[in-house]
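Single-letter residue listing:
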Amino acid sequence: MKTNLFRVEFFMAILMFALVFQLSRQAAAIASTPAVLSSSDPQPSASSQKPVVVLDSGHGGFDPGKISVDGSLEKDINLRIAQRVKQYLEASDVEVVMTRSTDAGLYRETDSNKKTADMRNRCQLINDASPDLTVSIHQNSYHEESVKGAQVFYYKSSENGKRLAEILQKRFDYVLGNENTRTAKANDSYYLLLHVKSPIVIVECGFLSNWSESALLNTDEYQDRLAWTIHMGIMEYLNTR
Ligand SMILES: [Zn+2]
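Notes on the structure in this doc start here. No experiment lies behind these values; they were computed from the predicted model shown.

So, about the overall build of the protein chain. The helix and strand tally for the protein chain stands at 8 helices and 6 strands. Each helix (α) and strand (β) of the protein chain, taken in turn from the N terminus, gives the series α-α-β-α-β-α-β-β-α-β-α-β-α-α. Counting every position in the protein chain, which comprises 241 residues, the buried fraction comes to 36%. Considering only residue pairs separated by 6 or more positions, the protein chain has 74% of its internal contacts joining residues 24 or more positions apart.

Right, dumping it as structure tokens:
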């Protein structure tokens, strides 16, 4: 009788141990379950459906781009406008890829031809991002001081590039007033236009060779106006495809 009772107690103890072991395993499995099962998390498919836009700030690093009559540098103005466009686009739920976010160009100090390396790497970065569109931001310069205004360039055989360029040009003409009556211009020789596979435009926001426009291009207010205009044009293009 005593022996039987001992056996029952021993058996119960083994059973309890097995039960506790099993429960702790289940608890560990639940704790290590990936968080993606939570319904409050954004679905991966939702984020990949966002339109992707590349903003290319022209020049950078050793390459200042055009130098203004007042000594300011094109590369700095390009980057400041691009950063503002980025903010507006992200607020409109667009995914933005920047070719550069600092002054640094896209080359290595050891590259024998930094300009060539920079342009090649820019195109590579844009093509790898396979964006819906790319806007390359630049400032212009001319040997006649009186010339001013914004102009948008597209690759001559790109229908989508042409459509984006015409939307942007129309908005620039409207925002910059009666004096800006330029039309979007086809081009077949710019390196970026030739080597980027998705729709791309080059936006020349204004002339650094013109004293009054150069002064405007260096103000926060005017940079913001240009950025808003570019952002609105991009949204119009994306929403009317
Ligand atoms: Zn430039």
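Picking up after the structure, the text goes on.
As a further point, take the sheet that holds strand E1 (residues 52-57). What the 6 strands build is an open sheet, ordered E2-E1-E3-E6-E4-E5; its pairing is mixed. Whereas interior strands pair on both sides, the edge strands pair on one side only; in this sheet they are strand E2 (95-98) and strand E5 (185-187). Sheet twist, expressed as the average angle between the axes of neighbouring strands with direction ignored, equals 25°. Relative to E5, strand E4 (residues 151-155) is paired through 3 bridges, and the arrangement is parallel. Bridge pairing in E5 links Phe-153 to Lys-185.

What follows deals with the packing of helix H3 (residues 74-91) against helix H8 (residues 220-239). Interaxial distance between H3 and H8 falls to 8 Å at its minimum, and their mutual angle equals 50°. If you check the angle between H3 and H8, you find them oblique. As for how H3 packs across H8, the hand of that crossing is right-handed. From H3, Arg-80, Ile-81, Arg-84, Val-85, Tyr-88 and Leu-89 reach across to H8, where they touch Gln-223, Asp-224, Leu-226, Ala-227, Trp-228, Ile-230, His-231 and Ile-234.

A word on unusual backbone geometry. Phi angles above zero are rare outside glycine, and Asp-93 is one such case at about 65°. Within the secondary structure layout, Asp-93 lies in the loop between H3 and E2. Non-glycine residue Ser-130 carries a positive phi angle of around 30°. Residue placement: Ser-130 occurs in the loop between helix H4 (114-129) and strand E3 (133-140). According to the C-beta neighbour criterion, Ser-130 is exposed, with 11 such atoms within 10 Å.

The residue Val-94 is located in the loop between H3 and E2 in this model. Given 20 C-beta atoms within 10 Å, Val-94 falls into the buried group. Taking the C-alpha atoms as reference points, Val-94 and Gln-49, separated by 45 residues in sequence, lie 9.6 Å from one another.

Turning to H4, a few remarks are in order. Its 16 residues place the ends of H4 22 Å apart at the C-alpha level, agreeing with the 22 Å of an ideal helix rising 1.5 Å per residue. The complete set of buried residues in H4 reads Asp-118, Arg-122, Cys-123 and Ile-126. Projection of H4 onto a plane perpendicular to its axis shows the buried side chains occupying an angular sector of 125°, all on one side. Facing away from the buried side of H4 by over 90 degrees, the exposed positions are Thr-116 and Asp-128. Where H4 terminates, the next one or two residues include Ser-130, which has phi positive at roughly 30°.

Turning our attention to the packing of helix H5 (residues 159-176) against H8. For any two helices packed against each other, one specifies the inter-axial angle together with the distance between the axes. As a packed pair, H5 and H8 sit with axes 9 Å apart at the nearest point and diverge in direction by 140°. Taken together, H5 and H8 sit at an angle that is classed as oblique. Crossing angle aside, the handedness with which H5 passes H8 is right-handed. Of the residues in H8, those touching H5 at Arg-163, Leu-164, Ile-167, Leu-168, Arg-171, Phe-172 and Val-175 are Arg-225, Thr-229, Ile-230, Met-232, Gly-233, Glu-236 and Tyr-237.

Here we come to the nonpolar core. In terms of nonpolar packing, the biggest core is built from 44 residues, with Leu-168, Val-201 and Val-203 touching the most fellow members. Discounting residues that sit within four places of it in the chain, Val-203 has contacts with Val-135, Ser-136, Ile-137, His-138, Ala-150, Val-152, Leu-168 and Ile-230.

Below, the discussion takes up the pairing of E2. Judged from the 4 bridges that link them, E1 and E2 form a sheet pairing that is parallel. Its bridge partner being in E2, Val-53 is matched across the sheet by Val-96. For the handedness criterion, the β-α-β arrangement of E1, H3 and E2 is classed as right-handed.

About the cut-offs
- Residues numbered from 1 in each chain as written.
- Predicted model: local features only at pLDDT ≥ 70, side-chain atom pairs only at ≥ 80, totals over all residues.
- Helix = DSSP H or I, 4+ residues; strand = E, 2+ residues; numbered from the N terminus.
- Buried ≥ 20, exposed ≤ 12 C-beta atoms within 10 Å, placed from the backbone.
- Contact = placed C-beta atoms within 7 Å.
- Pairing = 2+ DSSP bridges.
- Axes fitted to C-alpha atoms, helices over the stretch in contact; angles between N-to-C directions.
- Parallel < 35°, antiparallel > 145°, perpendicular 65-115°, else oblique.
- Left-handed = near helix turned anticlockwise from the far one by under 90°.
- Expected span 1.5 Å × (residues − 1).
- Arc of directions from axis to C-beta.
- Core = buried A, V, L, I, M, F, W, Y, C linked by C-beta atoms within 7 Å.
- Right-handed = clockwise from strand over helix to strand, strands pointing away.

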